[in-house]
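Listed below, chain by chain, are the residues.
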Amino acid sequence: MDRQVDVVVAGGGGFIGGHLVGSLLAQGLTVRSIDIKPRHEWYQVHDGAENVIADLSLLEHARAGVRGARQVYMLAADMGGMGFIENNKAACMMSVLTSTHMLQAAHEAGVERYFYSSSACVYAAARQTDPNVTALREEDAYPAQPEDGYGWEKLFSERMCRHYTEDYGFVTRVARYHNVYGPHGTWDGGREKAPAAVCRKIAEAVLSGDHRIEIWGDGLQTRSFMYIDDCLHGTQMIMKGDSGEPVNLGSSELVTINQLVDIVEQIAGIRCERRYRLDAPQGVRGRNSDNTLIREIYGWEPSVSLADGLEQTYAWVYDQVKRSHQ
């Protein structure tokens, strides 16, 4: 890892990271993609990248990983959907080692710009108790009451970026992701998020002929979901931008989980009997992205409709489910 590269993507073997590596390579940039997972577990492997398996929670691995890089996208974290983060709070918080060591190493190496992927989970839980939610503004992260475990680590690491900028003049950029989904993501195994989980359940119903599905919660909880293409555009735009303040990166199209299921059913051409599991992890009651700031700074906001994004996602998940049944 001694050669010069334009960009390092930490967590390049993950869902967003894999797509980001592909986007950067398509622009003619040289990319080092780093992930802790064995290569066969990477969501995407791009032959044009320098693909490295390393544990970036270790400072020596972080230092080796950023060597010779102009820019770093820090996406690496131990995370998943609500079923994972509610039951693995210590594991989620241990990502702080990766976050801090990558920040330290990038600063030491003279990296020009550093992007940190934060999360809507940093927002105060008291502001998310009603499905008829008021969209979350960036200032709503304080007074701090983030999602226990995962959200606390994200908020702390945001502050670390801020203080590295204030104390050392190190250029950092922070985006708060709101529920990113799309093809080549986790779709089973317990770490999947709601769009992929619903796509899997509907695909299984189509393939099995058993049109009964389980919904976590009462289906009335609300969320917004951002398609991966919007995430990639926004991430690179924020990295190149002039603002060091954390900014929401998410769709403002609010839906209930029931409405999410409605859309996927329509795409698949079936209707399912829904069984509601009220004891399942379901997170906050309502969450949406206020996109006022991103529009003010960049004149842009995520705009791929949920129906369009889910059509692409369902087709991909259906193929995975069908293959797994063969």
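**So, the side chain of Glu153**
Phase 1 of the analysis: Note on placement: Glu153 falls in helix α6 (residues 150-168).
Phase 2 of the analysis: In this structure, Glu153 is buried with no salt-bridge partner, the nearest side chain bearing the opposite charge being Lys154 at 4.7 Å.
Phase 3 of the analysis: In this structure the side chain of Glu153 is engaged in a polar contact, spanning 2.8 Å, whose partner is the side chain of Ser99.
Phase 4 of the analysis: Only 2.7 Å separates the side chain of Glu153 from the side chain of Ser157, close enough to count as a polar contact.

**Re the nonpolar core**
Soluble, globular proteins show a tendency: their nonpolar side chains are buried together.
Phase 1 of the analysis: Judged by nonpolar contacts, the single largest core of 53 residues is most densely connected at Tyr177, Ile202 and Ile238.
Phase 2 of the analysis: Dropping the residues within four chain positions of it, Tyr177 is found in contact with Ile16, Leu75, Phe115, Ser117, Ser118, Ser119, Ala120, Met226, Cys231, Thr235 and Leu249.
Phase 3 of the analysis: Core analysis: the next-biggest nonpolar cluster, separate from the first, contains 24 residues, Ala54, Ala62, Val111 and Tyr116 among them.

**Comments concerning the pattern of salt bridges**
Opposite charge on two side chains permits them to pair, given that their charged atoms come into close proximity.
Phase 1 of the analysis: Applying the stated criterion to the full structure yields 24 salt bridges.
Phase 2 of the analysis: The salt bridge involving Glu147 is made with Arg287; its shortest N-O contact spans 3.6 Å. Remark: Arg287 occurs in the loop between β13 (273-277) and α10 (292-298) and Glu147 occurs in the loop between β5 (113-119) and α6; sequence separation between them is 140 residues. Both residues of the pair, Glu147 and Arg287, count as buried.
Phase 3 of the analysis: The network of salt bridges with common partners includes Arg127, Arg137, Glu139 and Asp140.

**Notes on unusual backbone geometry**
Note: most residues except glycine have negative phi, and most peptide bonds are trans.
Phase 1 of the analysis: Looking along the chain, the bond that leaves Tyr142 and enters Pro143 is cis, with omega of -5 degrees.
Phase 2 of the analysis: Inspection of the secondary structure assignment puts Pro143 in the loop between β5 and α6.
Phase 3 of the analysis: You will see that Asn179, though not glycine, has its phi angle at about 45 degrees, which is positive.
Phase 4 of the analysis: Take Asn179: it is sitting in the loop between β6 (172-177) and β7 (180-181).

**What about the environment of Gly241?**
Phase 1 of the analysis: As for its position among the elements, Gly241 is in the loop between α8 (228-240) and β11 (247-249).
Phase 2 of the analysis: The class of Gly241 is buried, set by a relative accessible area of 9%.
Phase 3 of the analysis: Along the chain, Gly241 and Tyr168 lie 73 residues apart, while their C-alpha atoms are 19 Å from each other.
Phase 4 of the analysis: Non-local contacts of Gly241, meaning those with residues more than four positions away in its chain, are made with Arg113, Arg173 and Tyr298.

**Description of helix α7 (residues 194-208)**
Phase 1 of the analysis: The terminal C-alpha atoms of α7, which comprises 15 residues, lie 21 Å apart, in line with the 21 Å expected from a rise of 1.5 Å per residue.
Phase 2 of the analysis: Where α7 is buried, its residues meet β7, β8 (212-216), α9 (257-268) and α11 (306-324).
Phase 3 of the analysis: A positive backbone phi angle near 85 degrees is found at Gly209, which sits one or two residues after α7.

**Considerations on the packing of aromatic side chains**
Phase 1 of the analysis: Tallied over the entire structure, the rule returns seven aromatic pairs.
Phase 2 of the analysis: Seen from their ring centres, Tyr73 and Phe115 are 5.6 Å apart, and the 45 degrees between their planes marks the pair as tilted. Placement of Tyr73 in strand β4 (residues 69-74) and of Phe115 in strand β5 is noted, with a sequence separation of 42 residues between them.
Phase 3 of the analysis: Its relative accessible area of 2% is what places Tyr73 among the buried residues.

**Focus: the pairing of β4**
Phase 1 of the analysis: The buried fraction of β4 amounts to five of the six residues, a majority that puts the element mostly inside the structure.
Phase 2 of the analysis: One ladder, built from five bridges, connects strand β1 (residues 5-10) with β4; its direction is parallel. Across the sheet, Val8 pairs through a bridge with Val72, a residue of β4.
Phase 3 of the analysis: Here β4 runs beside β5; their pairing, made up of four bridges, is parallel. Across the sheet, the residue bridging to Tyr73 is Phe115, located in β5.

Rules and cut-offs
Residues numbered from 1 in each chain as written. Predicted model: local features only at pLDDT ≥ 70, side-chain atom pairs only at ≥ 80, totals over all residues. Heavy atoms only, no water. Helix = DSSP H or I, 4+ residues; strand = E, 2+ residues; numbered from the N terminus. Buried < 20%, exposed > 50% of the residue type's maximum accessible area, 1.4 Å probe, protein only. Lys, Arg positive; Asp, Glu negative; His and termini not counted. Salt bridge = Lys/Arg side-chain N within 4 Å of Asp/Glu carboxyl O. Polar contact = N/O pair within 3.5 Å; in protein donor to acceptor, adjacent residues only side chain to side chain. Core = buried A, V, L, I, M, F, W, Y, C linked by side-chain atoms within 4.5 Å. Contact = heavy atoms within 4.5 Å. Expected span 1.5 Å × (residues − 1). Phe/Tyr/Trp six-rings, centres within 6.5 Å; stacked < 30°, edge-to-face > 60°. Pairing = 2+ DSSP bridges.

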